[in-house]
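Listed here are the chains, written in short residue letters.
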Amino acid sequence: MQSIYLIRHAKATGQEPHAELTDEGIRQSEKLADILAHHSITYIVSSPWKRAVQTAMPLGIATLQRIHTDERLQERILSSLDLPNWMDVLKRTYDDLDWVEEGGESSRNAAARGLALLEELWSRPEQHGAVVTHGNLLSLLIREYEPSFGYEEWAKLSNPDVYVLERQRPDAGMSTIRRIWTD
């Protein structure tokens, strides 16, 4: 692949795996599909969580592509506990990539599973792919290419949001990332 579009799902009713898109989120996913349909996307992979798949569906229809799902794109679980201070916990995970709350996943481990999927996409024959995921995992992937991307930048992500990861030559290994969503 020459480019991978990293997409955060549209506005949803909640954070649990079965949370659906809101009516606004459905409209956002349709707008997203209209915009991205002109980018020659020929492979789409999504988190299996409902809001991500629902975000990917209009793009799949617009590009006549099947939606593949991969559990490595599901959102990072911060903790198995109900954390009233979850924002403070999340912030700490950007400062200490190996720190983990009870029942949770470290930033380093979450990023590693996402990066493994991206490496597989780079080796596919398609030139342009789309990855539909969640805000925290998306921010951890962006951070791998833009090290200054942290908690404050995560907080500024929108639903949906789109970054494009580009590799000039398949053998170069160097990639650039930039935000293309402005809504």
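Below is a short write-up of the structure.

## Brief notes about unusual backbone geometry
For the bond running from Asn159 to Pro160, omega is -10 degrees, close enough to zero to count as cis. Take Pro160: it is sitting in the loop between helix 6 (151–156) and strand 5 (161–167). Positive phi is not limited to glycine here, since Ser40 has a value of about 55 degrees.

## Considerations on the packing of aromatic side chains
One pass over the full model with this rule turns up four aromatic pairs. With 6.2 Å between their ring centres and 65 degrees between their planes, Tyr94 and Tyr151 make a pair best called edge-to-face. Here the residue Tyr94 occupies a position in helix 3 (residues 86–95), and Tyr151 occupies one in helix 6, the gap between them amounting to 57 residues. With respect to class, Tyr94 is no different from Tyr151; both count as buried. Arranged with centres 6.1 Å apart and planes meeting at 90 degrees, the rings of Phe149 and Tyr163 form a pair that is edge-to-face. Pair noted here: Phe149 is in the loop between helix 5 (135–145) and helix 6 and Tyr163 is in strand 5, with a separation of 14 residues, a long-range link.

## Remarks on the pattern of salt bridges
The final tally for this structure, using the stated rule, is 11 salt bridges. A salt bridge links Glu119 to Arg167, with the shortest nitrogen-to-oxygen separation between them at 3.7 Å. Of this pair, Glu119 sits in helix 4 (residues 107–122) while Arg167 sits in strand 5; the two residues are 48 residues apart in sequence, bridging distant segments of the chain. Taking the relative accessible area as the measure of exposure, Arg167 reaches 10% and is therefore buried. One salt-bridge network, in which partners are shared between bridges, spans Asp70, Arg72 and Glu120.

## Quick notes on the side chain of Glu105
Tracing the sequence through the fold places Glu105 in the loop between helix 3 and helix 4. A distance of 2.7 Å separates polar atoms of two side chains, one belonging to Glu105 and the other to Arg113.

## A closer look at the nonpolar core
Formed by 30 residues in total, the largest nonpolar core has its most connected members in Ile4, Leu6, Leu118, Leu121 and Val131. Elements represented by at least two residues in this core include exactly strand 1 (3–8), strand 2 (43–46), helix 3, helix 4, helix 5, helix 6 and strand 5. Per-element tally for this core: the top contributor is helix 4, with six residues. Core analysis: the next-biggest nonpolar cluster, separate from the first, contains 16 residues, Ile7, Leu32, Ala130 and Val132 among them.

What counts as what
- Residues numbered from 1 in each chain as written.
- Predicted model: local features only at pLDDT ≥ 70, side-chain atom pairs only at ≥ 80, totals over all residues.
- Heavy atoms only, no water.
- Helix = DSSP H or I, 4+ residues; strand = E, 2+ residues; numbered from the N terminus.
- Phe/Tyr/Trp six-rings, centres within 6.5 Å; stacked < 30°, edge-to-face > 60°.
- Buried < 20%, exposed > 50% of the residue type's maximum accessible area, 1.4 Å probe, protein only.
- Salt bridge = Lys/Arg side-chain N within 4 Å of Asp/Glu carboxyl O.
- Polar contact = N/O pair within 3.5 Å; in protein donor to acceptor, adjacent residues only side chain to side chain.
- Core = buried A, V, L, I, M, F, W, Y, C linked by side-chain atoms within 4.5 Å.

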